[in-house]
Amino acid sequence: MCGRDPVRDGARWWFTVGGGVEDGEDYVRAAMREVREETALSLPADRIGPVVWTRQTLFGVDGQGFDQYEEYRVARVTAAEVAAVRVETDEARYGHRWWTVDELAATRETVRPQGMDGLLPPLLGRPEPGPRPPLHLGDFDEAEDGNGAGPDRRPDPHRVRQVSRRSGPGSGSA
């Protein structure tokens, strides 16, 4: 999905399907709901893989600040499911697309989490991303990372300021 910040000209980034955990949900149920809401695919819980990455991030959109814990999981879909995807949500108003690893490596656009072109191949090469401790990608303050750099520039990875604090899971993304 493509996001933009209406209060900062040119602030644009690509992000994975997902979103907040609602009251009474665990992370798997939240992931199932978010996939359904954002793609029209109804994946059962056993198709939502284990957590492969986590990160904590500070960011702002439309003048509102967020401190978000994120968990990333792999869900494998069939060609028929890909053809059935219907993205008509508000989250996709600026665009949506499937990316190959090569496209992720070559793009100059901002993609979150950063470095997916290097993180995905080991996961995609295994039949299932089996139970392993998730890789913590870090704690970031993305207000400093070039979100406002414009739609055609990949942010300088040295400008993403890693923050030292670490808070526990909250209402982060699935």
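Residues numbered from 1 in each chain as written. Predicted model: local features only at pLDDT ≥ 70, side-chain atom pairs only at ≥ 80, totals over all residues. Heavy atoms only, no water.

Quick word on the overall build of the protein
When its secondary structure is counted, the protein shows 4 helices and 6 strands. In the protein, the succession of helices and strands from N to C terminus is β-β-α-β-β-α-α-α-β-β. Counting every position in the protein, which comprises 174 residues, the buried fraction comes to 41%. Here the protein displays about 9600 Å² of accessible surface, and carbon together with sulfur accounts for 52% of that area. (Helix = DSSP H or I, 4+ residues; strand = E, 2+ residues; numbered from the N terminus. Buried < 20%, exposed > 50% of the residue type's maximum accessible area, 1.4 Å probe, protein only. Areas by Shrake-Rupley, 256 points an atom, 1.4 Å probe, with all protein chains shown as cover.)

Re the environment of D90
By the secondary structure assignment, D90 is in the loop between α2 (79-84) and α3 (101-106). Look at D90 and you get exposed, because its relative accessible area is 51%. A sequence separation of 52 residues divides D90 from E38, and the C-alpha atoms of the two residues are 8.6 Å apart.

Quick look at the nonpolar core
Core analysis: the biggest nonpolar cluster contains 13 residues, and V52, W53, L104, V111, M116, L120 and L123 have the highest contact counts within it. Mapped onto this core, the elements with two or more residues apiece are β3 (51-61) and α4 (116-124). Take this core: its biggest share by element is 4 residues, from α4. The next biggest cluster of nonpolar side chains, apart from the first, holds 10 residues, and it includes M32, V35, V87 and A92. (Core = buried A, V, L, I, M, F, W, Y, C linked by side-chain atoms within 4.5 Å.)

Focus: helix α1 (residues 27-39)
Over its 13 residues, α1 extends 18 Å from the first C-alpha to the last, a length consistent with the 18 Å expected when each residue adds 1.5 Å. Residues Y27, A30, A31, M32, R33, E34, V35, E38 and T39 constitute the buried set of α1. Packed against the buried residues of α1 are β4 (64-73) and α2. Two or three places before V28, at the opening of α1, D26 has a side-chain oxygen 3.2 Å from that residue's backbone nitrogen. Backbone geometry just after α1 places A40 at a positive phi near 70 degrees. (Expected span 1.5 Å × (residues − 1). Contact = heavy atoms within 4.5 Å. Polar contact = N/O pair within 3.5 Å; in protein donor to acceptor, adjacent residues only side chain to side chain.)

Thoughts on the pattern of salt bridges
Close approach of charged atoms allows side chains of opposite charge to pair. Scanning all chains against the criterion turns up 12 salt bridges. Among the salt bridges present, the one from R55 reaches E70, with a minimum N-O distance of 2.4 Å. Linking R55 in strand β3 with E70 in strand β4, this pair joins segments that are 15 residues apart in sequence. Per residue, the accessibility class of R55 equals that of E70, and both read buried. Linked by salt bridges that have partners in common, E22, E25, R33, E34 and E37 make up one network. (Salt bridge = Lys/Arg side-chain N within 4 Å of Asp/Glu carboxyl O.)

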